Every structure is written in C-alpha cells, then in structure tokens.
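# Survey of secondary and tertiary structure
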Amino acid sequence: MLENINNIKGLGIYTPSGIFVGAADEVVIDISKMRVSGLFVTDANPVLVDEGVSISIPMRWVQSIGDIIILNRFPRERIGPGPV
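Throughout this document, residue positions are counted from 1 along each chain, in the order its sequence is written. Reporting in this predicted model follows two pLDDT cut-offs: at least 70 for local features of residues, and 80 or more for side-chain atom pairs to be given and counted; totals over whole chains, interfaces and linings ignore these cut-offs and use all residues. Values shown for side chains rest on all heavy atoms present in the structure; no hydrogens or waters enter the calculation.

### Focus on the overall build of the chain
- Secondary structure follows DSSP: runs of H or I at least 4 residues long count as helices, runs of E at least 2 residues long count as strands, and numbering of each begins at the N terminus. In terms of helices and strands, the chain carries 1 helix and 7 strands.
- In sequence order, the chain lays out its α and β elements as α-β-β-β-β-β-β-β.
- Buried residues are those whose accessible area, probed at 1.4 Å on protein chains only, stays under 20% of the maximum for their type, while exposed residues exceed 50% and partly exposed ones sit between those limits. Out of the 84 residues in the chain, the part that is buried amounts to 30%.
- Contacts in the chain between residues far apart in sequence, at least 24 positions, make up 38% of those at least 6 positions apart.
- Each accessible area is a Shrake-Rupley estimate made with a 1.4 Å probe; only the visible protein chains count as cover when residues are assessed. In the form shown here, the chain has an accessible surface area of approximately 5600 Å², with 53% of it arising from carbon and sulfur atoms. Any two residues having at least one pair of non-hydrogen atoms within 4.5 Å are treated as being in contact.

### Brief notes about the sheet that holds strand 5 (residues 55-58)
- DSSP bridges decide pairing: two strands pair if at least two such bridges lie between them. Taken together, 3 strands build an open sheet; the order of strands is 3-4-5 and the sheet is antiparallel. Looking along the sheet, the strands with just one partner apiece sit at the ends: strand 3 (26-30) and strand 5. Here the strands of the sheet are splayed against their neighbours by 35° on average, with no regard to which way each runs. Fitted lines through C-alpha atoms give the axes, limited to the stretch in contact for helices. The angle between two N-to-C directions lies from 0 to 180 degrees.

### Quick notes on unusual backbone geometry
- Here Met-34, not a glycine, exhibits a phi torsion of approximately 55°, which is positive.
- With respect to the secondary-structure elements, Met-34 resides in the loop between strand 3 and strand 4 (35-41).
- Judged by relative accessible area, which is 68%, Met-34 ranks as exposed.

Quick look at the structure:
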C-alpha cells in the first residue's frame, strides 16, 4: 500500500519492543533515486537519544506504516552527538 508523504509526517515511531522514538517530522527523499530514504525526527525520546540530538531513521528500519510507524530495528545503545 502506498502512503502519501503528508500522511506519514507526524506519525509516532516505535521500536520493535514498543518504545516511543518520536514523531516523524520530515520525510527524507533521495531525489536521484526517486524514493523515500528515511524519516527525520527532531524531538526524539530522551530515553533513547541525547536531548537536542536529531536523528534520521533509514527506511530499511521501517517494518510497517499505518496509524503509527513500527521499526524492525533500533540501536540498543543511547544515541548521542557525533564527533565534532
């Protein structure tokens, strides 16, 4: 089933174990391949991600999209800022 990008923005994203990651703020599109490459989350759950760190979730991690987005994987370690 194809989804409209506007329907994806704002949906809650959950890990495979049911932990809320955040809401999909933006849909990342790879223009050269004409496909969605990921979901961008600016206000991620501070239990999973250091406060103030935005994350991009690759579409290969997405298991299903409906009323919510369920991932098929998510890193076990807390995500922090990358090297400066």
